[in-house]
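Observations on the three-dimensional arrangement
Single-letter residue listing:
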Amino acid sequence: MTKINLLKSSSVFSRKEKSIRIIWNISWYLVSVLPRQASGLRIILLRLFGAKIGKKCLIEKGVRVWIPWNLNLSDYVAIGRNVEIYNYDLVTINSMTVVSQYCYLCTGTHDYSHPYMPLIWDSITIGSECWIAAGTWILPGVSIGNGSVIAARSLVTKDMPDWTVCAGHPCKPVKERKIANFTN
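Below, the structure is looked at part by part. Treat the numbers as computed from the prediction; the structure is a model and nothing was measured.

**As for the layout of surface pockets**
- As a volume, the largest pocket reaches approximately 150 Å³.
- If you trace the largest pocket, you find it lined by Trp 24, Asn 25, Trp 28, Tyr 29, Ser 32, Gly 62, Val 63, Arg 64, Val 65 and Trp 66.
- Contributions of two or more residues to the lining of the largest pocket are made by α1 (15–32) and β3 (64–65).
- Partitioning the lining of the largest pocket into residue classes produces 6 nonpolar, 3 polar and 1 charged.

Here it is as C-alpha cells:
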C-alpha cells in the first residue's frame, strides 16, 4: 500500500488563470530570447501582465518569470541573464539591487507530509542595495536585509540581516558589509 497519492493532487490555477499563463508563456518566450537591448520590451510586457516595475530597471536575456503579476521591482533593479523567478507568491526586489545570472528565486514547494503533496508557497523579499551573486538559490519565505551581499552559489533557507556578507550552503552571515569612501 502506497502512502503518497499524486493522482489526487490538483492545480492551484483556475481555467482563466491557466489561459492567461499560456498567453504569458508564449509572449514571454518571444521577448526573453532577444538581446540585452530588448530589456525595455521585456519590462513593457511584464507590466502588461501585472508586474510592478520601477524606473531604470534591467531585465537580461533568458530571464524566466513564472507569474508576472506576483513580481514587484523598485527603481534601478538589475536581473541578470537566465535568472528564474518561480513566484507562486510575491517576489519583491527593492531599489539598487542586482540579482546576478543563474539565480533561482523559488516561492513554491510541496507539503511532503501530506499524502497528495499539495503546493504551498510563501513570498520572497530582497532589500535595497543588495547583491545576490551568481547561482544563488533563495527559498520560500526568505527576506534578505538591506545592503546584504549573498555570495555565489549560496542556498538561502532563512532570513539574512542588513548590511552583511552572507555565504554558504546553507547560507549564513559571514561579516559586516562596509562601503568604501569613494570620490570621483
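That shown, we press on.
**Remarks on the sheet that holds strand β6 (residues 84–86)**
- If you trace the 5 strands from one edge of the open sheet to the other, you get β3-β6-β9-β14-β17, paired in parallel fashion. Unpaired on one side and paired on the other, β3 and β17 (155–156) mark the two borders of the sheet.
- Bridging between strand β14 (residues 137–138) and β17 involves 2 bridges; their strand directions are parallel. When the bridges of β17 are listed, Trp 137 appears paired with Leu 155.

**Notes on the side chain of Asn 87**
- Within the secondary structure, Asn 87 sits in the loop between β6 and β7 (91–93).
- Among the polar contacts listed, one links the side chain of Asn 87 to the backbone oxygen of Ile 67, at a separation of 2.7 Å.
- Those residues in contact with Asn 87, other than ones at most four positions away along the chain, are Val 65, Trp 66, Ile 67, Asn 70, Leu 71 and Thr 107.

**Quick word on α1**
- Between its terminal C-alpha atoms α1 stretches 25 Å, which fits the 26 Å expected from 18 residues at 1.5 Å a residue.
- Against α2 (39–48), β2 (58–59) and β3 lie the buried residues of α1.

**Details of α2**
- Buried within α2 are the following residues: Ser 39, Arg 42, Ile 43, Leu 45 and Leu 46. Projection of α2 onto a plane perpendicular to its axis shows the buried side chains occupying an angular sector of 165°, all on one side.
- Buried residues along α2 sit in contact with α1, β1 (52–53), β2, β3 and β4 (71–73).
- Phi turns positive one or two residues past the end of α2, at Gly 50, with a value near 105°.

**Observations regarding unusual backbone geometry**
- In this model, His 169 is joined to Pro 170 through a cis peptide bond whose omega is 15°.
- Positive phi, close to 55°, is recorded for Lys 56, a residue that is not glycine.
- Tracing the backbone through its elements, the reader meets Lys 56 in the loop between β1 and β2.

Rules behind the numbers
- Position numbers for residues count from 1 along each chain, tracking the sequence in the order it is written.
- Note on the predicted model: pLDDT of at least 70 is required for a residue's local features to be given, and 80 or more for side-chain atom pairs to be given and counted; whole-chain, interface and lining totals, by contrast, use all residues.
- Hydrogens and water are ignored here; the side-chain numbers use all heavy atoms of the structure.
- The rule is simple: put a 1 Å grid over the protein atoms alone, call a set of points where a 1.4 Å probe fits but cannot get out a cavity, call an open set with protein on both sides within 12 Å along at least five of seven lines a pocket, and count a residue as lining if it has an atom within 4 Å of a point.
- Grid points are joined across faces, edges and corners, and a volume is the space filled by probe spheres set on the points.
- Elements are defined by DSSP. Helices are runs of H or I of four residues or more, strands are runs of E of two residues or more, and each kind is numbered from the N terminus.
- Under the scheme applied, nonpolar residues are Ala, Val, Leu, Ile, Met, Phe, Trp, Tyr, Cys and Pro; charged residues are Asp, Glu, Lys and Arg; polar residues are all the others, including Gly.
- One bridge is not enough; two strands pair if DSSP finds at least two bridges between them.
- Two N or O atoms form a polar contact when they lie within 3.5 Å of each other; inside protein one atom must be a possible hydrogen donor and the other a possible acceptor, and for residues adjacent in sequence the pair counts only when both atoms belong to side chains.
- Should any heavy atoms of two residues lie within 4.5 Å, those residues are counted as being in contact.
- One fewer than the residue count of a helix, multiplied by 1.5 Å, yields its expected span.
- Using a 1.4 Å probe on the protein chains alone, a residue whose accessible area is under 20% of its type maximum counts as buried, one over 50% counts as exposed, and one in between counts as partly exposed.
- Picture the helix axis, draw a direction to every C-beta atom, and the arc is the one those directions span.

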